[in-house]
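As a plain string of letters, each chain reads:
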Amino acid sequence: MSKQITALKQAAIKKQEEAFSRANLALKKMISEKSLINFEQVALKAKVSKNWLYNQAELRKRIESLRSQQRTEKPKDNIIKKYEDIIVGLKTRIKIFEMELKQRDTQNEALYGKWFEKN
């Protein structure tokens with residue numbers, strides 16, 4: 001075999017390993033973020049094709065397993081958690097607005113006092 005053919009084979013192997021690594025990292029990140037796991041989303045995050053994922057037996061089994069686990073989880077828990085997060089965020093915003101309102105009331109009182117003294 002020529003050196004060029006050997007180099008091409010090594011490059012192909014390296015490219016395959018990098019794609020496999022990207023797919024694994026994408027899956028780990030999606031699991032930690034509790035994202036929806038399916039072939040399309042993994043392909044997008046890992047920057048590989050869906051066809052390539054389907055052809056990788058190990059990855060295919062893992063994605064199918066994770067996808068089926070997500071389907072059996074209670075969706076209500078996820079929805080409740082999502083709304084609880086929204087409520088906490090809104091309560092925080094309300095507190096900030098109330099503080100700003102108090103500051104403006106204080107400023108208005110001071111300005112009104114100054115105006116009243118001049119007139």
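Each chain carries its own residue numbering, running from 1 in the written order of its sequence. Totals for whole chains, interfaces and linings use all residues, but because this is a predicted model, local features are given only for residues with pLDDT of at least 70 and pairs of side-chain atoms are given and counted only at 80 or more. To obtain the side-chain values, all non-hydrogen atoms of the structure were included, while hydrogens and water were left out.

Caption draft 1: Here's a closer look at the packing of aromatic side chains. Stacked, tilted and edge-to-face pairs are distinguished by plane angle, under 30 degrees for stacked and over 60 for edge-to-face with tilted covering the rest, among Phe, Tyr and Trp rings (Trp via its six-membered ring) whose centres lie within 6.5 Å. Summed over the entire model, instances satisfying the criterion amount to 3 aromatic pairs. When the centroid spacing of 6.3 Å and the interplanar angle of 25 degrees are considered together, the rings of tyrosine 112 and phenylalanine 116 count as stacked. With tyrosine 112 and phenylalanine 116 both in helix 5 (residues 75-118) and 4 residues apart, this pair spans about one turn of that helix. Partly exposed describes any residue whose relative accessible area lies between the buried limit of under 20% and the exposed limit of over 50%, with all areas from a 1.4 Å probe on protein chains only and scaled to the type maximum. The class of tyrosine 112 is exposed, set by a relative accessible area of 53%. For phenylalanine 116, a relative accessible area of 57% corresponds to the exposed category. Through a chain of ring-to-ring contacts, the aromatic side chains of Tyr112, Trp115 and Phe116 assemble into a single cluster. A run of DSSP states H or I qualifies as a helix once it reaches four residues; a run of E qualifies as a strand once it reaches two. Both are numbered from the N-terminal end.

Caption draft 2: Looking closely at unusual backbone geometry. The phi dihedral of lysine 34 is positive, around 55 degrees, even though this residue is not glycine. One can find lysine 34 in the loop between helix 1 (3-33) and helix 2 (39-46).

Caption draft 3: Highlighting helix 2. Those residues of helix 2 that sit buried are Phe39, Val42, Ala43 and Ala46. Here the buried residues of helix 2 occupy an arc of 100 degrees about the axis, which is enough to place them on one side. Along its buried surface, helix 2 packs onto helix 1, helix 3 (50-55) and helix 4 (57-72). The N-cap of helix 2, judged by a side-chain oxygen 3.2 Å from the amide nitrogen of glutamate 40 a few residues on, is asparagine 38. Looking at the residues trailing helix 2, positive phi occurs at lysine 47, about 60 degrees. Directions drawn from the helix axis to the C-beta atoms are what define this arc. Throughout, a residue-residue contact means that at least one pair of heavy atoms, one from each residue, lies within 4.5 Å. By the criterion applied in these results, polar contacts are pairs of N or O atoms within 3.5 Å in which, for protein atoms, one can donate a hydrogen and the other can accept it, and in which residues neighboring in sequence qualify only through two side-chain atoms.

Caption draft 4: Layout of the side chain of asparagine 24. Here asparagine 24 lies in helix 1. In this view, asparagine 24 contacts Leu59 and Arg62; residues no more than four positions away in its chain are not counted.

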